[in-house]
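So the chains spell out like this:
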Amino acid sequence: MKRERIYSTTIIGLRRNGKVALGGDGQVTLGDTILKSGALKLRHLYNNAIIAGFAGATADAFALFEKFETKLEEFSGNMPRAVVELAKDWRTDRNLRRLEAMLIIMDIKNTYLVSGDGDVIEPDDGIVAIGSGATFALAAARAYMDSSRLSAANIVEKSLKIAASICVYTNTNITVLEL
């Protein structure tokens, strides 16, 4: 029997005019069935100075959030250092290496996409997206950034709505966090 793959989410973050916004939808899908429409895939970290979101396996993402919070404490809130150390551990630790998720981690100065392959990517244009509808949300956000005066939070929300209108694994139950 073939194991159904769980698809879930679109997460997008961007910065504009000194503000940082991160948003995600709430859909979790198993094969062609929607399991949940209101999952929360974003959180504030380190005294609300950092926002993070995940795409992928929920339990894996929670384990990574916990590991990242430990790194933040270890490095006194130095987010770039904590992100690099998380990626190194994720890549080299035998148990962590099996985790299937991607993270977007942002603070007022930095934006990172972090993966289990050891990737720590800081986007050139301050816009980053992960998950099933990432390419749709990313394209929409870039268009809004070039052609509107919308706030970071409004661009994130509108971009997620566009992704939801195209990607069957993304819905319009949207949460947006802002710094």
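Criteria and cut-off values
Residues numbered from 1 in each chain as written. Predicted model: local features only at pLDDT ≥ 70, side-chain atom pairs only at ≥ 80, totals over all residues. Heavy atoms only, no water. Helix = DSSP H or I, 4+ residues; strand = E, 2+ residues; numbered from the N terminus. Rg over C-alpha atoms; globule rule 2.2 N^0.38 Å. Contact = heavy atoms within 4.5 Å. Pairing = 2+ DSSP bridges. Axes fitted to C-alpha atoms, helices over the stretch in contact; angles between N-to-C directions. Phe/Tyr/Trp six-rings, centres within 6.5 Å; stacked < 30°, edge-to-face > 60°. Buried < 20%, exposed > 50% of the residue type's maximum accessible area, 1.4 Å probe, protein only. Core = buried A, V, L, I, M, F, W, Y, C linked by side-chain atoms within 4.5 Å.

A.B. asks: I tried to follow the overall build of the protein chain on my own but got confused; where do I start?
C.D. replies: Helix and strand content of the protein chain: four helices and twelve strands. Against the globule reference of 16 Å for 179 residues, the protein chain gives a C-alpha radius of gyration of 16 Å, in line with a compact fold. For the C-alpha atoms alone, the extent of the protein chain along its principal axes is close to 50 × 40 × 25 Å. Relative to all contacts within the protein chain whose residues are 6 or more apart in sequence, the contacts with residues 24 or more apart total 61%.

A.B. asks: Can you help me understand the sheet that holds strand 7 (residues 50–56) in this one?
C.D. replies: Pairing between the strands of a sheet comes from backbone hydrogen bonds, and it takes one of two forms, parallel or antiparallel. As summarised here, the arrangement of the five strands in space is 6-7-8-9-10, forming an open sheet in which the pairing is antiparallel. Strands with a single pairing partner mark the edges of an open sheet, and in this sheet they are strand 6 (42–45) and strand 10 (120–121). In this structure, strand 6 lies alongside strand 7, joined through four bridges in antiparallel fashion. From the neighbouring strand, R43 faces strand 7, where its bridge partner is A52. Helix 1 (residues 58–74) rests against strand 6, strand 7 and strand 8 (101–106) of the sheet, and its axis sits at about 150° to strand 7.

A.B. asks: What's the story with the packing of aromatic side chains in this structure? I'm lost.
C.D. replies: The final tally for this structure, using the stated rule, is two aromatic pairs. With a centroid separation of 6.0 Å and an interplanar angle of 75°, the aromatic rings of F54 and F65 are classed as edge-to-face. Taken together, the residues span a long stretch of sequence, with F54 in strand 7 and F65 in helix 1 at a distance of eleven residues. Judged by its relative accessible area of 2%, F65 is buried. Each residue in the set F54, F62 and F65 is aromatic and connected to the rest through ring pairs, giving one cluster.

A.B. asks: Teacher, can you tell me more about the pairing of strand 7 here?
C.D. replies: Each regular strand displays side chains that alternate between the two surfaces of the sheet. Most of strand 7 is tucked away, with six of its seven residues classed as buried. Sheet topology places strand 7 next to strand 8; six bridges connect them, and they run antiparallel. For A55, the partnering residue across the bridge sits in strand 8 and is M102.

A.B. asks: It is not clear to me how the nonpolar core should be interpreted in this structure. Could you clarify?
C.D. replies: The tendency in soluble globular proteins is for nonpolar side chains to be buried as a group. Counting 20 residues, the largest nonpolar core has F68, M79, L103, I105 and V114 as the members making the most contacts within it. Secondary structure elements with two or more residues in this core: strand 7, helix 1, helix 2 (79–92), strand 8 and strand 9 (111–115). A per-element tally of this core places helix 2 first, with six residues. Leaving out residues up to four positions away in the same chain, F68 has contacts with L45, I50, M79, A82, V83, L86 and I105. Counting 15 residues, the second largest nonpolar core, distinct from the first, contains L14, A129, M145 and L160.

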